[in-house]
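These are the residues of each chain, in order.
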Amino acid sequence: MESMMNENVYAQLGVSDQVYRFGEDVLAALRPRFDAIDQVAEYNQAKVIAAMQKNRVNASCFAATTGYGYNDVGRDALERVYADCFHTEAALVRPQITCGTHALAIALSANLLPGDELLSPVGRPYDTLEEVIGIRESACSLREYGVSYAEVPLREDGSIDYDGVRHAIHERTKLVTIQRSKGYATRPTLSVAQIGELIAFVKAIRSDILCMVDNCYGEFVETLEPSDVGADMVVGSLIKNPGGGLAPIGGYICGTRKCVDRCAYRLSAPGLGQEVGANLGLMTSLFQGFFLAPTVVSGALKGAIFAANIYEKLGFKVVPNSTESRHDIIQAVELGSEQAMVAFCRGIQAAAPVDSYVTPIPWDMPGYDDQVIMAAGAFVQGSSIELSADGPIRPPYAVYFQGGLTWVHAKLGILMSLQKLVEEGLVSL
Ligand SMILES: *Cc1c(COP(=O)(O)O)cnc(C)c1O
């Protein structure tokens, strides 16, 4: 009976009985994994609530402040909540941090001085950091300010080249940047345990080297965060995991008091630091989003695993594969053709609560050699904790799929993507 009801409701959204049943068959085998994800969410939910209780979050924390924002109790409480949750001495959590790239740029430029070297021991970092660092020439890059950069590529199998890292470290090496998520590359995402090993290795060579982790898309996927395994700073975006879909803007840096103080001076001004920065009435969204984040992340993870299992069963290469353990919320599906990428993205778009009637098409996005297609029907522009998919139109024609504020919405998106592929004759069930 119940399953009949679901079929009817999905038919109204454009999902055929055949696609729905294919999805249910795949899903039946995933229940034990979903239970494990729920347990991680339960643990992380408790961690967030405990941090909120310890810091006595109350209605006055939700009041708007303006101007300088002196004595902003809500802002200060939110930063203590983040610090307690990530087990760090301090945190900078601000709507004035406009995105993840901005947060990373602050963390790097605040803690690197002329003559210092930045080292990435996990290969090339996320695209937008190339200009921050000066790998691609850019005004105001770290390079322009006399900070040099070195990187050690990952080995063929995605593992860390420890000998290479040892050789790359010298007396000017000041900060090591470790990107947890694969981002839009095909390397494996690093687990928190792997990050911990790498940090221990670096600190054993020189204990004064700062270790920063780009934590984007990784928050709450595991019970530990990189700050639990020795990172001096963890950095991320509030329109990804920790904003829980409610934060309309923002970024965070959690870490040692010394590092975070410097970040605050870089964000505002030397001498002012964390004392200024009005919350502009965003505190309810930032607190409530953080409160919801563990559950939202668990839904996104279920969606990623569901997608991996659906598309692997149909013969496509998926990264991570259908059974691998998860360390971020991103799922890549290699669809093999432009037509299939377009169909997939149209399905995701058609499942959205916002802009569902829009048809995504490949376009020439600034900064990219190939055309890019994107599907997103989000409440917050560019929010990738909301259901979204994108990818460059080039072999192996991979779409990167992520997010979903609820598991059932992620499920609908994946079913719709399959529906479009079936309708175009690109897949037969
Ligand atoms: C998204 C992302 C960034 C940059 O964040 P924006 O908010 O898009 O600026 C940096 N690193 C990784 C790994 C990311 O996934």
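Calculation criteria
- Residues numbered from 1 in each chain as written.
- Predicted model: local features only at pLDDT ≥ 70, side-chain atom pairs only at ≥ 80, totals over all residues.
- Heavy atoms only, no water.
- Salt bridge = Lys/Arg side-chain N within 4 Å of Asp/Glu carboxyl O.
- Helix = DSSP H or I, 4+ residues; strand = E, 2+ residues; numbered from the N terminus.
- Buried < 20%, exposed > 50% of the residue type's maximum accessible area, 1.4 Å probe, protein only.
- Near = heavy atom within 4 Å.
- Polar contact = N/O pair within 3.5 Å; in protein donor to acceptor, adjacent residues only side chain to side chain.
- Areas by Shrake-Rupley, 256 points an atom, 1.4 Å probe, with all protein chains shown as cover.
- 1 Å grid on protein atoms, 1.4 Å probe; cavity = no way out; pocket = protein on both sides within 12 Å on 5 of 7 lines; lining within 4 Å.
- Points joined across faces, edges and corners; volume = space filled by probe spheres on them.
- Nonpolar A, V, L, I, M, F, W, Y, C, P; charged D, E, K, R; others polar.
- Core = buried A, V, L, I, M, F, W, Y, C linked by side-chain atoms within 4.5 Å.
- Contact = heavy atoms within 4.5 Å.

### Quick notes on the pattern of salt bridges
Turning to step 1, where the next piece is worked out: On inspection of all chains with the given rule, the structure shows 21 salt bridges.
Turning to step 2, where the next piece is worked out: For Glu24, the salt bridge is made with Lys411, and the minimal N-O distance between the two is 2.8 Å. Within this pair, whereas Glu24 is found in helix H2 (residues 17–28), its partner Lys411 is found in helix H12 (residues 407–423), the two being separated by 387 residues in sequence.
Turning to step 3, where the next piece is worked out: Judged by relative accessible area, which is 26%, Glu24 ranks as partly exposed.
Turning to step 4, where the next piece is worked out: For Arg124, the salt bridge is made with Glu151, and the minimal N-O distance between the two is 2.9 Å. Highlighted residues: Arg124 in the loop between strand E2 (117–120) and helix H6 (127–133) and Glu151 in strand E3 (residues 148–151), separated in sequence by 27 residues.
Turning to step 5, where the next piece is worked out: Taken together, the shared-partner salt bridges in this structure form one network comprising Arg124, Glu130, Glu131, Arg136 and Glu151.

### A look at the site of the ligand
Turning to step 1, where the next piece is worked out: Around the ligand sit Cys99, Gly100, Thr101, Leu104, Tyr126, Gln179, Asp214, Cys216, Tyr217, Ser237 and Lys240, and that is every residue in its neighbourhood.
Turning to step 2, where the next piece is worked out: In the model, a nitrogen atom of the ligand is placed 2.6 Å from a nitrogen or oxygen of the Asp214 side chain.
Turning to step 3, where the next piece is worked out: Protein contact buries 89% of the 370 Å² of open area that the ligand shows by itself.

### Brief notes about the layout of surface pockets
Turning to step 1, where the next piece is worked out: Counted as a void, the second largest pocket has a volume near 360 Å³.
Turning to step 2, where the next piece is worked out: It is helix H5 (residues 100–111) that contributes the most residues to the lining of the second largest pocket, 6 residues altogether.
Turning to step 3, where the next piece is worked out: For the lining of the second largest pocket, the per-class residue count stands at 11 nonpolar, 4 polar and 2 charged.

### Overview of the nonpolar core
Turning to step 1, where the next piece is worked out: Core analysis: the largest hydrophobic core is formed by 104 residues, its most contacted members being Tyr82, Ile178, Phe290, Phe306, Tyr311, Leu335 and Phe344.
Turning to step 2, where the next piece is worked out: The biggest single contributor to this core is helix H10 (residues 283–313), with 15 residues.
Turning to step 3, where the next piece is worked out: In this view, Phe290 contacts Val48, Met52, Val81, Tyr82, Cys85, Phe86, Phe220, Pro242 and Gly243; residues no more than four positions away in its chain are not counted.
Turning to step 4, where the next piece is worked out: Grouped together as the second largest cluster of nonpolar side chains are 27 residues, Ala107, Leu210, Val235 and Cys263 included.

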